[in-house]
Amino acid sequence: MKNITLDVTKAAQFLQEGTVKGYEAKVKAAQEALENGTCPGNDFLGWLHLPSSITPAFLQEIQDCANVLRDNCEAVVVAGIGGSYLGARAVIESLSNSFAWLVNDKKNPTILFAGNNIGEDYLYELTQYLKDKKFGVINISKSGTTTETALTFRLLKKQCEEQRGKEEAKKVIVAVTDAKKGAARAAADKEGYKTFVIPDNVGGRFSVLTPVGLLPIACAGFDICQLVAGAAEMEKVCGKDAPYEENPAAIYAAVRNGLYSQAGKKIEIMVNYQPKLHFISEWWKQLFGESEGKDNKGIFPASCDFTTDLHSMGQWIQEGERTIYETVISVEEPDNKLLFPADEENLDGLNFLAGKRVDEVNKMAELGTRLAHVDGGVPNIRISVPKLNEYYIGQLIYFFEIACGISGNILEVNPFNQPGVEAYKKNMFALLDKPGYEADSKAIKERLANEQ
């Protein structure tokens, strides 16, 4: 079976000769620091060898729980935010029928995502949709007090109990949370919910291959064994003993750091030509943004869906400020075949495409855009994925995770913490008069009054 592959030739040409090779020592030191646990944030390295450590028995336990939800629910709501939902959503949407929510063939429950915003209309409309549905909830929160998720879970728990009865609700509410502490753990133990543990040494954005991601993915009807197998294969390919030139994660980390430090490329645009990959980019943005954006450092992660966004962002990418580079995820073979039809009148002038696969047109758009952007001064990295299936998505996930760990260490930041995200929470709690934030509340309100 093939693996995902990396092509950096159209990016390395923007660097001084020998730059990529010159990063070998730094990359190896960064990877050894991960392996030896000597890097900053070394108490959050549980993801590093997670794929190869997952047992068939553990996967079966997750699948058994998913089967209970699948057998008893028309819809399953995944309540979580950030790393507690993005990974699962990325995998599910990359593998699902694009119109699954309309097709609704009853083979799988509809997977919905909530707890990732505080939109009153969103939550109202969700609760209205669920009124006549047999639904279950996967509540994903280490603490159980994250505002967005806790608020959503309180609403859904009450509605589920009212519609299905308290005893039936117990069967279809699952908590993925801390092993011993926190509000979500206390509630799960009190109510008797099935629970899975978020490992203490795995941060949210690295948690796709824990029950955080695996349970929702299994509920959606996808093969979590193949997902983990793909990740385990990439763990080998990107291992510390792999030759530097043959380690795609090492080369990716080296090139992006070279572009950042040597060529002034401060923005990385993750590009896809397959709409199903939109949320892979969203997950990737959190992974790299939250890991590297510290100490006034870090490449800004952005994303575009092509060819769609070529009609909105293409001009800026082609001729705007030259602080960007692109990383393109290219899918070699789509699941389906659709030929471009001929038309007798040919009013649109497209008969030259008659008989060609739509994917061939898409591939030529990809190649033509890549050539134009490189000519316009935009370095291009290309990641080639043989097909969109569980195995290759598993490979892609682990590839980005290990590359992120290596890259963050090269940048000399702690890739595994996120101290900056607490600033807005402190202000929000103070403005809402949360107990314990009285002093902050007074100071912020005085500041706002002075600014008016």
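In what follows, the accompanying structure is described. (Residues numbered from 1 in each chain as written. Predicted model: local features only at pLDDT ≥ 70, side-chain atom pairs only at ≥ 80, totals over all residues. Heavy atoms only, no water.)

### Structural notes on the side chain of S84
For step 1, the next point in the chain: Within the secondary structure, S84 sits in the loop between β2 (75-79) and α6 (86-95).
For step 2, the next point in the chain: On the basis of relative accessibility, which here comes to 16%, the residue S84 falls in the buried class.
For step 3, the next point in the chain: The contact partners of S84, leaving out residues within four places of it in the chain, are V78, I140 and V212. (Helix = DSSP H or I, 4+ residues; strand = E, 2+ residues; numbered from the N terminus. Buried < 20%, exposed > 50% of the residue type's maximum accessible area, 1.4 Å probe, protein only. Contact = heavy atoms within 4.5 Å.)

### Let's talk about the pairing of strand β4 (residues 135-140)
For step 1, the next point in the chain: With respect to burial, β4 is a largely interior element, six of its six residues being buried.
For step 2, the next point in the chain: What you see with β4 is no split at all: F135, V137 and N139 on one side and G136, I138 and I140 on the other are buried throughout.
For step 3, the next point in the chain: Where β4 meets strand β5 (residues 173-177), four bridges bridge the pair, whose relative direction is parallel. What sits directly across from N139, in β5, is A175. (Pairing = 2+ DSSP bridges.)

### What about the pairing of strand β6 (residues 194-197)?
For step 1, the next point in the chain: Examined bridge by bridge, β5 and β6 share four bridges and lie parallel to one another. Considered in β6, the bridge of V176 is made with F196.
For step 2, the next point in the chain: Between the parallel elements β5 and β6, the chain passes through helix α11 (residues 183-191) in a crossover that is right-handed. (Right-handed = clockwise from strand over helix to strand, strands pointing away.)

### Side note on the state of the cysteines
For step 1, the next point in the chain: For the structure on display, the rule yields zero disulfides.
For step 2, the next point in the chain: We note that C160 lacks a disulfide partner, and the nearest cysteine sulfur, in C73, lies 7.3 Å from it.
For step 3, the next point in the chain: On the basis of relative accessibility, which here comes to 0%, the residue C160 falls in the buried class.
For step 4, the next point in the chain: C404 takes part in no disulfide bond, and the closest cysteine sulfur to it belongs to C39, at a distance of 11 Å.
For step 5, the next point in the chain: Residue class for C404 comes out buried when judged on its relative accessible area of 0%. (Disulfide = S-S within 2.5 Å.)

### Quick word on the packing of α6 against helix α15 (residues 278-292)
For step 1, the next point in the chain: In the contact formed by α6 and α15, the axes pass within 8 Å of each other and the chain directions differ by 155°. In terms of orientation, α6 lies roughly antiparallel with respect to α15. For the pair α6 and α15, the crossing hand works out as left-handed. Every residue of α15 that contacts α6 at L86, G87, R89, A90, E93 and S94 is listed here: F279, I280, E282, W283 and Q286. (Axes fitted to C-alpha atoms, helices over the stretch in contact; angles between N-to-C directions. Parallel < 35°, antiparallel > 145°, perpendicular 65-115°, else oblique. Left-handed = near helix turned anticlockwise from the far one by under 90°.)

### Here's the deal with the layout of surface pockets
For step 1, the next point in the chain: There is about 1100 Å³ of room inside the largest pocket.
For step 2, the next point in the chain: Along its surface, the largest pocket is lined by 42 residues, and I81, Q286, E290, Q418 and K425 are the ones closest to its centre.
For step 3, the next point in the chain: For the lining of the largest pocket, the secondary structure elements donating two or more residues are α9 (147-164), α15 and α19 (422-431).
For step 4, the next point in the chain: Here the element with the most residues in the lining of the largest pocket is α19; it accounts for five residues.
For step 5, the next point in the chain: Taken together, the residues of the lining of the largest pocket sort by class into 13 nonpolar, 18 polar and 11 charged. (1 Å grid on protein atoms, 1.4 Å probe; cavity = no way out; pocket = protein on both sides within 12 Å on 5 of 7 lines; lining within 4 Å. Points joined across faces, edges and corners; volume = space filled by probe spheres on them. Nonpolar A, V, L, I, M, F, W, Y, C, P; charged D, E, K, R; others polar.)

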